[in-house]
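# Per-entry structural report
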Amino acid sequence: MIKIRVLNSRLNSKKMITKIIILISLLCLTILFSNALVLINKARLYFNNNVQLLDEFQTSNFVETDILKSHIESVLPIIKLYHHENENIQIESGSTRWIAGIIGGFDIKRPKTIISHQILLMRKYDDKILPALSPVNGSEILNVSKPESTIEPENDYNNVKSIQELLMKYPNMKNEYSKIQNEDKNVSEITIAPTKPNGYVYSDDIYIKNETEVLINIPNLLKEKLVIKNSNEGPTILIIHTHTSEAYTPTNENYYVPSDPDRTEDPKYNVVRVGEEIAKTLKNMGIEVIHDKTVHDYPSYNGSYAKTLETIHTLLNKYPSIKFVIDIHRDGITLDDGTKVKVCTEIENKKIAQMMFVVGTDQWGLEHPNWKENLKLALRLQQKSNALYPNLARPINIQKPRYNQHVTKGSLIVEVGSNGNTLEEALNSCEYIARVFAEVIKEIE
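All of the points below concern the structure found in this document. Keep in mind it's a predicted model, so treat the numbers as computed, not measured. (Residues numbered from 1 in each chain as written. Predicted model: local features only at pLDDT ≥ 70, side-chain atom pairs only at ≥ 80, totals over all residues. Heavy atoms only, no water.)

## Points about the side chain of Thr408
Tracing the backbone through its elements, the reader meets Thr408 in the loop between strand E12 (396–398) and strand E13 (411–418). Thr408 gets classed as buried once you look at its relative accessible area, which sits at 11%. A polar side-chain atom of Thr408 sits 3.1 Å from the main-chain amide nitrogen of Gly410. A polar contact is formed between the side chain of Thr408 and the side chain of Ser411, at a distance of 2.5 Å. If sequence neighbours within four positions are ignored, Thr408 has contacts with Leu316, Lys323, Val325 and Asn374. (Helix = DSSP H or I, 4+ residues; strand = E, 2+ residues; numbered from the N terminus. Buried < 20%, exposed > 50% of the residue type's maximum accessible area, 1.4 Å probe, protein only. Polar contact = N/O pair within 3.5 Å; in protein donor to acceptor, adjacent residues only side chain to side chain. Contact = heavy atoms within 4.5 Å.)

Structure follows, in structure tokens:
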């Protein structure tokens, strides 16, 4: 009898252990299933030695609600989301972090972190673009060591493997494409100057690359007056830099050691230098300018636009006379074979970087009711640029994100050159860009 009891006890113990093993296995399978895509991507990062990117995700303080909101609305357009403008999504840290990691990296008390944990799936790495993040075809190709949760203005010159394929993709461009042989053999030069309306909205000698579903009528918009009124006292223009560290291809004259590819925190060599030159020229032409040099993308690229928005609001409160907010960037065009592309033209026998106006909209669901006022300004600037300096301006780019352009009716992103351009070429263009702005501003009633 005793032997039978002992045997039953052992059997019951084995059953209990089996049940525990099954429960643990089911729990593990549930966690693995719910995080399968994330785990696959993390494994891929490890296998490709992209540990730095993975570390950035683990140490990131927050990701922008705008990004998550836009992503959800693009995937499930039936859902309409609202959020406080400055609200960010916090990532787990401290003693609870390891628990959050086990259950999927989110805090069940804060449901939005469930989405933020999946942000890895919406990132770019290995020179590939994860479609969940990109609302249009093409995006600036970023190095994996530059994890940026903000959305960059996009172009579709990157989705090609070589300069030859680029030429085949855009046969309607002027024959000003030329492969250049200089110190950096991985740089090719182009002049983006379309001669046919294929793929563009076109009228009045103005080309627009429209990345939204909104119909654009150029003649009607040109007929409408700008609602902006010039102020007689105080600064008129605010120049800022959301991505302050964006820089150009180093040269002997302007050499720097990049902190990331084509980036430096030294304002002598990044877009701050370009903004300073534009501001100086505008001031010489009698236009008061505030050039804000606040660094918005260091120590973290996350939240650059949110930080810039705070700066803009602070300065608009301090200087209510400001009517125009110019966010100066430089474009990034890198082909799949590693070739960087510079965008250039010639004015007065000088090689200068082309510029591009980027107009944000409300197409991602963020409140921006007056975005067409910004577009009307861009159209007039483009028209003036074409008249004064043909080929200085690339086609206007209209995008779905708003890029903080809801703060005034005269807000624009201005891309000065690309990562393939030199700082000298970007600086050469500043005088002409400033003159275009000055001429249009002086014409405003």
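The rest of the description comes next.
## As for the environment of Asp262
On the secondary structure map, Asp262 appears in the loop between strand E6 (237–240) and helix H9 (271–284). Assessed through its relative accessible area of 13%, Asp262 is described here as buried. Residues Asp262 and Asn419 lie 157 residues apart in sequence; the distance between their C-alpha atoms is 6.1 Å. Only 3.3 Å separates the side chain of Asp262 from the side chain of Asn419, close enough to count as a polar contact.

## A short note on the sheet that holds strand E9 (residues 340–347)
Strands sit in the order E3-E9-E10 across an open sheet of three strands; the sheet is mixed. In this open sheet, the two edge strands, each paired with only one partner strand, are strand E3 (187–190) and strand E10 (350–353). Between one strand axis and the next, the sheet turns through 45 degrees on average, direction left out of account. In this sheet, E10 lies alongside E9 in antiparallel orientation, the contact comprising four bridges. Note that in E10 the partner of Glu346 across the bridge is Lys351. Packing of helix H12 (residues 423–443) onto the sheet brings it into contact with E9 and E10, and relative to E10 it is tilted by some 90 degrees. (Pairing = 2+ DSSP bridges. Axes fitted to C-alpha atoms, helices over the stretch in contact; angles between N-to-C directions.)

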